[in-house]
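Per-entry structural report
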Amino acid sequence: MGYTTQGIRNIAFVGSAGGGKTLLLESLLLEAGAIRSKGSLQRGGTVSDFDPQEKRLQHSLDPAICCFDFNSTHINVIDTPGYPDFLGRTLSVLEAVEAVAIVVSAVNGIDTLTQRLMEFIRERGLCPLVVINKIDSRDARPAAVLDELRAAFGPECLPLNLPANQGEAVADSFFTPAVAVTNNAVRDAATSGHAAPTRSPATATSNGRASVPLTPDFSSISAAHTQIVDQVVELDEDLMALYLEQGAELSPEQLHNPFERALREGHLIPVCFASAQSGAGIPELLRILDQLMPNPTEGNPPPFLKGAGENARRVEVTPDPDKHVIAHVFKTTIDPYVGKLGILRVHQGTLRQGSQLFVGDARKPIKIAHILKLMGKDTAEVPRAIPGDICAISKIEELHLDAVLHDSHDEDQYHLKPVAFPPPMLGVAIEPERRGDEQRLADTLHKLMAEDPCVRIEHHAALNETVIYGMGELHLRVLLERMTERYGVHIKTHPPSVPYRETITRPAEGHCRHKKQTGGAGQFGEVYLRIEALGRGAGFEFVDEVVGGAIPGQFIPAVEKGVRQVLSEGALAGFPIQDVRVTVYDGKHHPVDSKEVAFTSAGRKAFLEALQKANPIVLEPVMRVEITAPSSSIGDITGDLATRRARINGNTALPNHRATVQALVPLAEISEYQLRLKALTGGEGAYAMELSHYDPVPVRRQQQLVQAWRPRADAD
Ligand SMILES: Nc1nc2c(ncn2[C@@H]2O[C@H](COP(=O)(O)OP(=O)(O)OP(=O)(O)O)[C@@H](O)[C@H]2O)c(=O)[nH]1
Ligand SMILES: [Mg+2]
């Protein structure tokens, strides 16, 4: 381990499924000499798609971490799944890197996922790089895709190299300006009908294996060079004077610092071209990672906060090897054989084998027995991890996703600014096939949730139904298969009930005097409360306005407990209640007979009484749905949506005769949409959806739901 923090590069490969991230990483590993031959997706043998499920589906399902050395640089690459179903897994690993390479297919161009990823990159202050891959493909349209990028993300998307010789190679336009100029002369000579000079230095080849003159497929190398240098020097007055006034040619070394600043500040989005298949552009990409991507001291500092809620304040964490240790767990995996693996990024201090660390605010430290470097599924033990590095620690049960590890109580309450993960909305109700497997199923669900921030489990006690929610059909399929294959739990599934909610529409008051006298000590508690509606999506607020100790402070939590029982059980149709404020403002106690159970019961009944008077209604989830399909089927799709109480927000044309439709649709109307869309588009359509908001259900539906619940409620 001969590298320093300045010698580390951390980069995640993100982008739409099938863009070529996994193969690109494989090609880089080969180029850097970390593997001897390149695996292929079709044969199921790449370093980062090692899981049997990934091999079968030919898609990455989990982020994979690889590392390799190149020159004196240590490069950690995280290959992420591009399928939108796994977005949660992808976003959570972006906490560990300074730089993100968005891999875009030169055939398909950008889509809404690419845009969403770029938004996230900007919001978190990460440094972007765009790799336009598949330039070898017959249908590649690299110039058009570059235009699409500029239209979507701005004119600061500037190429570091250009595809050349019909996509067989790339021609560098950043590092070697001298070659660039001559190259341009070659090109100009070619276009003006002159013979190219026989002594051509323009042979800096794409893969260093062949030596052929390079002719860019569009634009010119000198124009690309000038554009990017102009953009970078804008951030350095001295260099600008040297360059613009004195006409000096600037070296990549001179441009290094303003280049890093431009990346950090979003002033530049460098673009490069490659073919993971043919190897074109791979040596150039390696050089870009090595020489242009930020090291951990150059990226924007990680957004660490101390304290919770409104009291949280930003704290400085620096990659100094001698300061206290601060490391962040950005991924956990549970392997039935190896056990739990926590994968972490060291942000400050040096992590040493045998040292003791606190997990979050725990008082008792854990001992770090092994520190591992990861290469896909393989691990290698190392004695320490320096700041900026990515490593794993094994067999520590206390570790969980997003935990912060530290070696001093000074750093208690440190956490990274939370990521707003997309809420999983597609659910399937599950139960074990074998009676008696309930506990194993519960344990397995717990493990799945611990690995993936976009898995949610809900247990509807009233319906005795356990529902697992994921981001889409593939996500759920992968989760269910994993339960059986990895954890040996066989399950039955059925469509879940829609997660309706209840709320109120006007303020009301509730009162309950709970009094029981049975032989010995009695129970006494009295509660007055009022309730009012909050804005949609506000959740629940509990306010204590009791004065003069009418209800002693120690019993207030008991009142809240009673209220919360009703909150989860519902009062109208058996669904959880939301967007309500409950204010307890008066009550009575008894010096001997007041007990927690009495106040819990009084709180519960007072709340129920208030709810009956507050005109409760049932709310249904409304989904923001985006459907992508061939343009020819868009008419059928919007026609079908109209029968599903949908509100269509618009549609957008995409390249290759495709289009997207954006609509708001109640979940109840679209829960089985997968099959319908397949039929409407001949299997060519895809859709993604996420929760938009909750709206009142139509009156008839509400009546049905209330009637369905009433017999059960009355039986209680
Ligand atoms: N022609 C061509 N095909 C490529 C290239 N790169 C990847 N492919 C093919 O494209 C398909 C998808 O490649 P992957 O590397 O799995 O794509 P990915 O971005 O990792 O996809 P997800 O893991 O689903 O996000 C595979 O069949 C690859 O062989 C390329 O440069 N040119
Ligand atoms: Mg992949």
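Residues numbered from 1 in each chain as written. Chains lettered and ligands numbered in written order. Predicted model: local features only at pLDDT ≥ 70, side-chain atom pairs only at ≥ 80, totals over all residues.

1. Overview of the overall build of the protein chain
For the record, the criterion: Secondary structure elements are taken from DSSP: a helix is a run of H or I of four residues or more, a strand is a run of E of two residues or more, and numbering for both begins at the N terminus. For a compact globule the rule gives 2.2 Å times the number of residues to the power 0.38, and the radius of gyration it is set against comes from C-alpha atoms. Counting other C-beta atoms within 10 Å of each residue's C-beta, where C-beta atoms are placed from the backbone, gives the exposure class: buried for 20 or more, exposed for 12 or fewer, partly exposed between. Whether two residues are in contact depends on their C-beta atoms, placed from the backbone: they are in contact if these lie within 7 Å.
On a plain count of helices and strands, the protein chain comes out with 18 helices and 35 strands. What you see for the protein chain is a C-alpha radius of gyration of 30 Å, in line with the 27 Å of a compact globule of 716 residues. Reported as C-alpha extents along the three principal axes, the dimensions of the protein chain are approximately 110 × 65 × 55 Å. Across the 716 residues in the protein chain, those meeting the buried criterion constitute 45%. For the protein chain, long-range pairs separated by at least 24 residues make up 74% of all intrachain contacts whose partners lie at least 6 apart in sequence.

2. With respect to helix α7 (residues 221-233)
Going by this rule: Given a helix with a known number of residues, its expected span is that number minus one, times 1.5 Å. The reported arc concerns the directions from the helix axis to the C-beta atoms and nothing else.
The terminal C-alpha atoms of α7, which comprises 13 residues, lie 18 Å apart, in line with the 18 Å expected from a rise of 1.5 Å per residue. Among all positions in α7, only Ile221, Ala224, His225, Ile228, Val229, Val232 and Val233 are buried. What you see down the axis of α7 is that its buried residues fit within an arc of 150°, all on one side.

3. Comments concerning helix α13 (residues 556-569)
Between the first and last C-alpha of α13 there are 20 Å, a value that for 14 residues agrees with the 20 Å anticipated at 1.5 Å per step. Three or more residues of α13 are buried, namely Ala558, Val559, Gly562, Val563, Val566 and Leu567. Those residues of α13 that are buried lie in contact with β29 (523-533), β30 (540-544), β31 (580-588) and α14 (596-613). Following α13 by one or two positions, Gly570 has its phi on the positive side, about 80°.

4. Let's talk about the domain arrangement of the protein chain
For clarity, the threshold we go by: Start and end points for every domain follow an automatic or database-based domain assignment.
Once the domains are mapped, the protein chain shows domain 1 (5-291), domain 2 (304-416), domain 3 (427-497), domain 4 (502-615) and domain 5 (619-700). Placing a centre on the C-alpha atoms of domain 2 and another on those of domain 5 gives a separation of 42 Å.

5. Section: the sheet that holds strand β25 (residues 465-470)
What counts is decided by this rule: Think of it this way: DSSP has to see at least two bridges between two strands before they count as a pair. Where helices are involved, their axes are fitted lines through C-alpha atoms of the stretch in contact, as for all axes, and angles between N-to-C directions lie from 0 to 180°.
If you walk across this open sheet you meet the four strands as β24-β25-β23-β26, and the pairing is antiparallel. Only two strands of the sheet have a single partner each, and these edge strands are β24 (456-460) and β26 (491-494). For this sheet, the mean inter-axis angle between neighbouring strands, taken without regard to orientation, is 35°. Across the sheet, helix α12 (residues 473-487) touches β23 (426-432), β25 and β26, and the angle it forms with β25 is around 120°.

6. Points about the environment of Tyr687
Note on placement: Tyr687 falls in strand β35 (residues 686-696). Taking the C-alpha atoms as reference, Tyr687 lies 30 Å from Ala442; in sequence the two are 245 residues apart. Excluding residues within four positions of it along the chain, Tyr687 makes contact with Val625, Glu626, Ile627, Tyr673 and Leu677.

7. Section: the pairing of strand β13 (residues 339-348)
Counting buried positions over the ten residues of β13 gives seven, a clear majority of the element. As paired strands, β13 and strand β20 (residues 390-394) are joined by five bridges and run antiparallel to one another. Along β20, the bridge assignment pairs Leu344 with Cys391.

8. Considering the packing of helix α1 (residues 21-31) against helix α10 (residues 282-291)
Operational definition: Note on terminology: angles under 35 degrees are roughly parallel, angles over 145 are roughly antiparallel, angles of 65 to 115 are roughly perpendicular, and the others are oblique. Gly is put with the polar residues, along with every residue not named as nonpolar or charged; the nonpolar set is Ala, Val, Leu, Ile, Met, Phe, Trp, Tyr, Cys and Pro, and the charged set is Asp, Glu, Lys and Arg.
Relative orientation of the contacting elements α1 and α10 amounts to 85°, with a least axis distance of 10 Å. Judged by the angle between their axes, α1 and α10 are roughly perpendicular. Judged by residue contacts, Ser27, Leu28 and Glu31 of α1 engage Ile282, Pro283, Leu285 and Leu286 from α10. Here the residues of the contact of α1 with α10 are counted per class, giving five nonpolar, one polar and one charged.

9. Some remarks on unusual backbone geometry
It is generally the case that most residues other than glycine have a negative phi and that most peptide bonds are trans. You will see that Gln166, though not glycine, has its phi angle at about 55°, which is positive. Note on placement: Gln166 falls in the loop between β7 (161-164) and β8 (169-172). Note on Gln166: 12 C-beta atoms within 10 Å, which makes it exposed. The phi angle at Arg645 is positive, at roughly 55°, despite the residue not being glycine. With respect to the element layout, Arg645 can be found in the loop between α15 (634-642) and β33 (647-654). Judged by the 16 C-beta atoms lying within 10 Å of it, Arg645 falls in the partly exposed class.

10. Points about the sheet that holds strand β3 (residues 73-79)
In spatial order, the strands read β2-β3-β1-β4-β5-β9-β6; together these seven strands make up an open sheet with mixed pairing. Taken across any chain shown, the strands that pair with only one partner, and hence form the sheet edges, are β2 (64-70) and β6 (157-159). For this sheet the average axis-to-axis angle between neighbouring strands, irrespective of direction, equals 25°. Note that strand β1 (residues 8-14) and β3 share six bridges and pair parallel. Within β3, the position partnered with Phe13 by the bridge is Asp79.

11. Structural notes on the nonpolar core
Under the convention used in this document: Put simply, a nonpolar core is a cluster of buried Ala, Val, Leu, Ile, Met, Phe, Trp, Tyr and Cys residues tied together by C-beta atoms within 7 Å.
Counting 131 residues, the largest nonpolar core has Val100, Val131, Ile132 and Ala274 as its most contacted members. Ile504, Phe575, Phe599 and Ile634 belong to the second largest nonpolar core, which has 57 residues in total.

12. Details of the confidence of the model for the protein chain
Regions with low pLDDT should not have their predicted coordinates read in detail. The test is simple: What pLDDT reports is the predictor's confidence in each residue, on a scale of 0 through 100.
Counting all residues, the mean pLDDT for the protein chain is 88, and 92% of those residues have values of 70 or more. Ignoring residues within four places in sequence, the model shows residues 180-210, a span with pLDDT below 50, making 54 contacts including any to other chains.

13. Some thoughts on the pairing of strand β18 (residues 378-382)
The buried fraction of β18 is low, at zero of five residues. One ladder, built from five bridges, connects strand β17 (residues 371-375) with β18; its direction is antiparallel. Bridge pairing in β18 links Leu374 to Thr379. Hairpin remark: β17 followed by β18, antiparallel, with two residues in the connecting loop; positive phi at Gly376, about 60°.

14. Digging into the packing of α13 against α14
Rules: Handedness of each helix crossing follows the sense of rotation of the near helix against the far helix: counterclockwise by less than a right angle gives left-handed, clockwise gives right-handed.
Contact geometry for α13 and α14: axes closest at 7 Å, N-to-C directions at 45°. Considering the angle they form, α13 stands oblique to α14. Handedness of the α13/α14 crossing: right-handed. Of the residues in α14, those in contact with Ala558, Val559, Glu560, Lys561, Gly562, Val563, Gln565 and Val566 of α13 are Glu596, Phe599, Thr600, Ser601, Ala602, Gly603, Arg604, Phe607 and Leu608. Its residues assigned to classes, the contact of α13 with α14 shows eight nonpolar, five polar and four charged.

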